[in-house]
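Commentary on secondary and tertiary structure
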Amino acid sequence: KDKKKYNRKKIKEFWNKNLKKTFVNTDGIKTEVANYGITKADVDNKKINNTFKKKFPFLKSKNYYLFIGRIDPKKCMDVLSKSIELLGAGYKGLFIIAGEDSNSYAQELKKMILLKNLGSKILFIGQIDGYEKYAVIVNSKAISKVCMRTEKDILFFLKWCATIL
């Protein structure tokens, strides 16, 4: 009953004016990892690339954003899906959701994505581990962090768009 009506034009204007700048193009940027007491895994870059080509050939030439983690109502994946729907043709990317997707919330989310014809913009790839996980992370445009449902509505959208690693 308290559903808010969103004005698509205002959301697009807000996105273009404020949030579009928050995505950082990390191509070519040298990084150093602070492990915080966690030992960095020894990974073979050739194996990562081979795994990516073999397991995810449909992602090879795509710019995609990635969420890896627990698919749970607290993570606000439905809010992200609605945001992508509201952006319409303005959203040219692909959003990949990687995580255990057999729970009821994930199933509801999948149905909503199908009903809203968002299958070309949001894709579930299930739970991934090991080199599959490395391959998807390394080849993604950005990784999305999630927000918790207890925050204010505007912060949902802001965090989804602004907290890209």
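The text that follows walks through the structure, step by step, so that each part is easy to find. Because the structure is a prediction, the values reported are computed rather than measured.

Running from amino to carboxyl end, helix H3 (residues 77–87) crosses helix H4 (residues 104–115) at an angle of 10 degrees, the nearest separation of the two axes being 10 Å. Relative to H4, the element H3 is oriented roughly parallel. Across the interface between the two elements, Met77, Asp78, Ser81 and Lys82 from H3 touch Tyr105, Leu109, Met112 and Ile113 from H4. For the contact of H3 with H4, a count of residues per class yields 5 nonpolar, 1 polar and 2 charged.

Below, the discussion takes up the packing of helix H2 (residues 45–55) against helix H5 (residues 130–139). Where H2 meets H5, the closest approach of the two axes is 8 Å, and the angle between their N-to-C directions is 90 degrees. In terms of orientation, H2 lies roughly perpendicular with respect to H5. Contacts between H2 and H5 involve Lys47, Ile48, Thr51, Phe52 and Lys55 on the former and, on the latter, Tyr131, Glu132, Tyr134, Ala135, Val136, Val138 and Asn139. In terms of residue class, the contact of H2 with H5 is made up of 7 nonpolar, 2 polar and 3 charged.

Positioned with a positive phi, Asn117 is a non-glycine residue whose angle comes to about 55 degrees. Within the secondary structure layout, Asn117 lies in the loop between H4 and strand S3 (122–126).

Turning our attention to the nonpolar core. Counting 21 residues, the largest nonpolar core has Ile71, Met77, Ile84, Phe95, Ile97, Leu109 and Ile122 as the members making the most contacts within it. Secondary-structure elements contributing two or more residues to this core are strand S1 (64–68), H3, strand S2 (94–98), H4 and S3. One finds Ile48, Tyr64, Ile96 and Val136 within the second-largest nonpolar core, a separate group that totals 13 residues.

A separate point is the packing of aromatic side chains. Geometry of an aromatic ring pair is reported as the spacing of the ring centres plus the angle between the planes. With the rule as written, the count across this model stands at 3 aromatic pairs. Judged by centre distance (6.2 Å) and plane angle (45 degrees), the rings of Phe52 and Phe56 are tilted. Take Phe52: its relative accessible area is 4%, and that puts it in the buried class. With centroids separated by 6.2 Å and ring planes inclined at 75 degrees, the aromatic side chains of Phe56 and Phe58 adopt a geometry described as edge-to-face. Accessibility expressed as a relative area gives 43% for Phe58, which makes it partly exposed. The rings of Phe52, Phe56 and Phe58 are connected pair by pair, giving a single aromatic cluster.

A few words on the sheet that holds S1. Spatially, S3-S2-S1-S4 is the arrangement adopted by the 4 strands of the open sheet, whose pairing is parallel. Sheet topology places S3 and strand S4 (142–143) at the edges, where each strand pairs with a single neighbour. Pairing of S1 with S2, which is carried by 5 bridges, proceeds in the parallel orientation. Across the sheet, Ile68 pairs through a bridge with Ala98, a residue of S2.

Attention shifts here to H2. Among all positions of H2, only Ile48, Thr51 and Phe52 are buried. Down the axis of H2, the sector holding all buried residues measures 100 degrees, keeping them to one side. Pointing more than 90 degrees away from the buried face of H2 are the exposed residues Lys46, Lys53 and Lys54. Here the buried face of H2 lies against S1 and H5.

Taking burial as the measure, the 5 residues of S2 include 5 buried ones, the bulk of the element. Burial of S2 is two-sided: the residues Leu94, Ile96 and Ala98 facing one way and the residues Phe95 and Ile97 facing the other way are all buried. For the crossover from S1 across H3 to S2, the handedness is right-handed. The sheet contact formed by S2 and S3 spans 4 bridges and is parallel. In the sheet register, Ala98 faces S3, and the bridge partner there is Gly126. For the crossover from S2 across H4 to S3, the handedness is right-handed.

What counts, and at which threshold
Residues numbered from 1 in each chain as written. Predicted model: local features only at pLDDT ≥ 70, side-chain atom pairs only at ≥ 80, totals over all residues. Heavy atoms only, no water. Axes fitted to C-alpha atoms, helices over the stretch in contact; angles between N-to-C directions. Helix = DSSP H or I, 4+ residues; strand = E, 2+ residues; numbered from the N terminus. Parallel < 35°, antiparallel > 145°, perpendicular 65-115°, else oblique. Contact = heavy atoms within 4.5 Å. Nonpolar A, V, L, I, M, F, W, Y, C, P; charged D, E, K, R; others polar. Core = buried A, V, L, I, M, F, W, Y, C linked by side-chain atoms within 4.5 Å. Buried < 20%, exposed > 50% of the residue type's maximum accessible area, 1.4 Å probe, protein only. Phe/Tyr/Trp six-rings, centres within 6.5 Å; stacked < 30°, edge-to-face > 60°. Pairing = 2+ DSSP bridges. Arc of directions from axis to C-beta. Right-handed = clockwise from strand over helix to strand, strands pointing away.

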